[in-house]
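# Coordinate analysis (summary)
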Amino acid sequence: MQNFTTDAINLKSYNLSESDKIIVMYSKDKGIMRCVAKGVKKTTSKLGGRMDMLIANKLMLHKGKNLDTICQAEAINTFKNTRNDMNKLFYSIYCSEIVNSFGIENDPNSNEIYDLLYMTLQSISKAETKVQILISVLKFQLKLTHIAGYSMELENCVGCGCTLKEEEIYFSAQMGGTLCKECRAERVNAVKLHNKLRNFLITLLQLDYNAKSRYEELANEKVCDFCFNLLKSYVEQYSPKKIKSAQMLEITK
């Protein structure tokens, strides 16, 4: 029975007893963790608001037989600007729910996924426009599915394998990416994807998260909304769990 430390972002919580909660978090070292926050519902709790969702903490935990117990928590980032803006809050919840769905315990990609979620929450918190929020989420959707092993095909046709240029291009979440005109004829659920939008998505996937491209400067809300819904359908197609916050985003539009 030993104590250990880790950085983790709170994803959600459950009531365990009259005063205790189970906090679901994503750890930089261990992936998905479910830990007990004893007495957190009491007004005198030392953990207090640090156990709210969408807060990054440096934690000290006590190793338990079934569940670890949170001993200490020091807030690294509360992403405070997010809590005063409904768009920022809902899109942040959406990203955290995707991590909760695709993440696993003792995740070998935990460091990379933690950093991606942290950068996304930070970027959303600092965003000044809806377009900036959406671009942050687009990067997250593309990079998270890639890390998790569900990267979509955007350069070739997933049906016949041909290289796609500037001819008619379609996208099918069910098929896993882009289709040529001929293969699309067999897939009625595919949507048309303009070549410039395809290049926009390819650039967002390939560049480092904090890198800026000319596409970001040109993108407007209509373009970003279209791309978001395209990627949302892809995430929902391959997610091990239902993304409930996706419906919430539809309601708030």
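These remarks concern the structure in this document.

Conventions and cut-offs
Residues numbered from 1 in each chain as written. Predicted model: local features only at pLDDT ≥ 70, side-chain atom pairs only at ≥ 80, totals over all residues. Heavy atoms only, no water. Pairing = 2+ DSSP bridges. Helix = DSSP H or I, 4+ residues; strand = E, 2+ residues; numbered from the N terminus. Axes fitted to C-alpha atoms, helices over the stretch in contact; angles between N-to-C directions. Parallel < 35°, antiparallel > 145°, perpendicular 65-115°, else oblique. Contact = heavy atoms within 4.5 Å. Nonpolar A, V, L, I, M, F, W, Y, C, P; charged D, E, K, R; others polar. Phe/Tyr/Trp six-rings, centres within 6.5 Å; stacked < 30°, edge-to-face > 60°. Buried < 20%, exposed > 50% of the residue type's maximum accessible area, 1.4 Å probe, protein only.

With that settled, consider the sheet that holds strand β6 (residues 169–172). With respect to topology, 3 strands assemble into an open sheet ordered β7-β6-β8, the strand pairing being antiparallel. Pairing within the sheet leaves two strands with one partner each, and these edge strands are β7 (177–180) and β8 (191–192). Pairing geometry for β6 and β8, over 2 bridges, is antiparallel. Its bridge partner lying in β8, tyrosine 170 is registered against lysine 192.

Two elements in contact, helix α2 (residues 110–126) and helix α3 (residues 130–147), have axes separated by 9 Å at closest approach and are oriented at 170 degrees. The angle between the axes of α2 and α3 places the two elements in the roughly antiparallel class. Contact residues: α2 offers Glu112, Ile113, Leu116, Leu117, Thr120, Ser123 and Ile124, while α3 offers Ile133, Ser136, Val137, Phe140, Lys143, Leu144 and Ile147. By residue class, the composition of the contact of α2 with α3 is 9 nonpolar, 3 polar and 2 charged.

This part is about the packing of aromatic side chains. Applying the stated criterion across every chain yields a total of 9 aromatic pairs. Judged by centre distance (5.3 Å) and plane angle (65 degrees), the rings of tyrosine 94 and phenylalanine 228 are edge-to-face. Taken as a pair, tyrosine 94 in helix α1 (residues 86–102) and phenylalanine 228 in helix α7 (residues 221–238) lie far apart in primary sequence, 134 residues in all. Across the pair, phenylalanine 228 and tyrosine 94 agree in class, each one buried.

This part covers the pairing of strand β3 (residues 31–37). Of all 7 residues in β3, 6 are buried; the element is thus mostly enclosed. Pairing analysis gives 7 bridges linking strand β2 (residues 21–27) to β3, with the strands arranged antiparallel. Residue isoleucine 23 lies in a different strand from β3, and its bridge partner there is cysteine 35. One ladder, built from 2 bridges, connects β3 with strand β5 (residues 68–77); its direction is parallel. Across the sheet, residue cysteine 35 finds its bridge partner in β5, namely aspartate 68.

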